[in-house]
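# Report on the structure
These are the residues of each chain, in order.
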Amino acid sequence: MSGPIRVIVLPPSPTGGRRVRVDGEILGLAHSLVDLAEFLRRAGLEIDPAEAAESPWIDWRGVGPERWDPET
């Protein structure tokens, strides 16, 4: 793979949770930093859930890592 890995966490969905994409591929719907870390681990990217919120290679869309509930 060339270039840095691009992780995007989309805004919360209307029913809760946030879609996670790595290099354009949707990994799933995360409901917490623990879920996010697990999706990334399965994709070969090791990250501690406590460090995910501050990671420079994760692009948090809409809101930051503290928000996983449905948009109101």
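To be clear, the structure that these remarks concern was listed above.
What you see is a predicted model, and the numbers here were worked out from it, not measured in a lab. Per chain, the residues get numbers from 1 upward, laid out in the order the sequence is written. Reporting in this predicted model follows two pLDDT cut-offs: at least 70 for local features of residues, and 80 or more for side-chain atom pairs to be given and counted; totals over whole chains, interfaces and linings ignore these cut-offs and use all residues. In computing side-chain properties, one takes all heavy atoms of the structure into account and sets aside hydrogens as well as water.

## With respect to the overall build of the chain
Heads up, the rule is: Counting from the N terminus, the helices are the DSSP runs of H or I reaching at least four residues and the strands are the DSSP runs of E reaching at least two. Only C-alpha atoms enter the radius of gyration; for comparison, a globular chain is expected to reach 2.2 Å times N to the power 0.38, where N is the number of residues. Relative accessibility under 20% of the residue-type maximum defines a buried residue, over 50% an exposed one, and the middle range a partly exposed one, all with a 1.4 Å probe and only protein chains included. Whether two residues are in contact is decided by their heavy atoms: any pair within 4.5 Å suffices. All accessible areas in this document rest on Shrake-Rupley with a 1.4 Å probe, and a residue is counted as covered only by the protein chains that are shown. By the counting scheme adopted, Arg and Lys are positive, Glu and Asp are negative, and His together with the chain ends is not counted. Each charge is placed at NZ for Lys, CZ for Arg, CG for Asp and CD for Glu.
Of regular secondary structure, the chain possesses two helices and four strands. For the chain, the succession of helices and strands along the chain, N to C, is β-β-β-α-α-β. For a compact globule of 72 residues, the expected C-alpha radius of gyration is about 11 Å, and the chain comes in at 11 Å, within 12% of that figure. With the C-alpha coordinates aligned to their principal axes, the bounding extent of the chain is approximately 40 × 25 × 20 Å. Residue burial in the chain is summarised as follows: out of 72 residues, 35% are buried. The contacts in the chain between residues at least 6 apart in sequence include a share of 42% that link residues at least 24 apart. Accessible surface for the chain amounts to roughly 4,500 Å². Of this, 52% is attributable to carbon and sulfur atoms. In the chain, 8 positive and 12 negative side-chain charges are present, and the distance between their average locations comes to 7 Å.

## Some remarks on the nonpolar core
This is how the line gets drawn: Here, the term nonpolar core denotes a set of buried Ala, Val, Leu, Ile, Met, Phe, Trp, Tyr and Cys residues that are joined through side-chain atoms within 4.5 Å.
By size, the foremost hydrophobic cluster in this structure holds 15 residues, and its most contacted members are Leu36, Leu40 and Ile58. Elements with a contribution of two residues or more to this core: β1 (7-9), β2 (18-22), α1 (33-42) and β4 (58-60). With four residues, α1 is the single largest residue contributor to this core. Once residues lying within four places of it in the same chain are set aside, the contact partners of Leu40 are Val7, Val22, Leu27, Leu45, Ile47, Trp57 and Ile58.

## Focus: the side chain of Arg18
For clarity, the cut-off: Pairs of N or O atoms are called polar contacts if they sit within 3.5 Å, as long as, within protein, a hydrogen donor faces a hydrogen acceptor (for residues adjacent in sequence, only side-chain-to-side-chain pairs).
Among the structural elements, Arg18 can be located in strand β2. There is a polar contact of 3.0 Å between the side chain of Arg18 and the backbone oxygen of Arg67.

## As for the packing of aromatic side chains
We apply this condition: Note on ring pairs: Phe, Tyr and Trp rings are taken, using the six-membered ring of Trp, and paired if centres are within 6.5 Å. Classes follow the plane angle, with under 30 degrees stacked, over 60 edge-to-face and the rest tilted. Note on geometry: a ring has a charge over it if NZ (lysine) or CZ (arginine) is within 6 Å of the ring centre and within 35 degrees of the ring normal.
Counted according to the given criterion, the structure contains one aromatic pair. Centre to centre, the rings of Trp60 and Trp68 are 5.9 Å apart; their planes meet at 90°, and the pair counts as edge-to-face. Here the guanidinium or amino end of Arg18 rests over the ring plane of Trp68, the centre of that ring lying 5.5 Å away.

## A look at the sheet that holds strand β3 (residues 25-30)
How we decide: One requirement defines pairing of two strands: DSSP has to find at least two bridges between them. Interaxial angle, 0 to 180 degrees, is taken between N-to-C directions of lines fitted to C-alpha atoms, where a helix line uses only the stretch in contact.
Spatial strand order, β3-β2-β1-β4: four strands in an open sheet with mixed pairing. Two strands bound the open sheet, and with one partner strand each, they are β3 and β4. Within this sheet the neighbouring strands show an average axis-to-axis angle of 20°, counted without direction. The pairing of β1 with β2 spans three bridges and is classified as antiparallel. For Ile8, the partnering residue across the bridge sits in β2 and is Arg21. Here α1 sits on the sheet and contacts β1, β2, β3 and β4; the angle it forms with β3, its principal contact strand, is near 150°.

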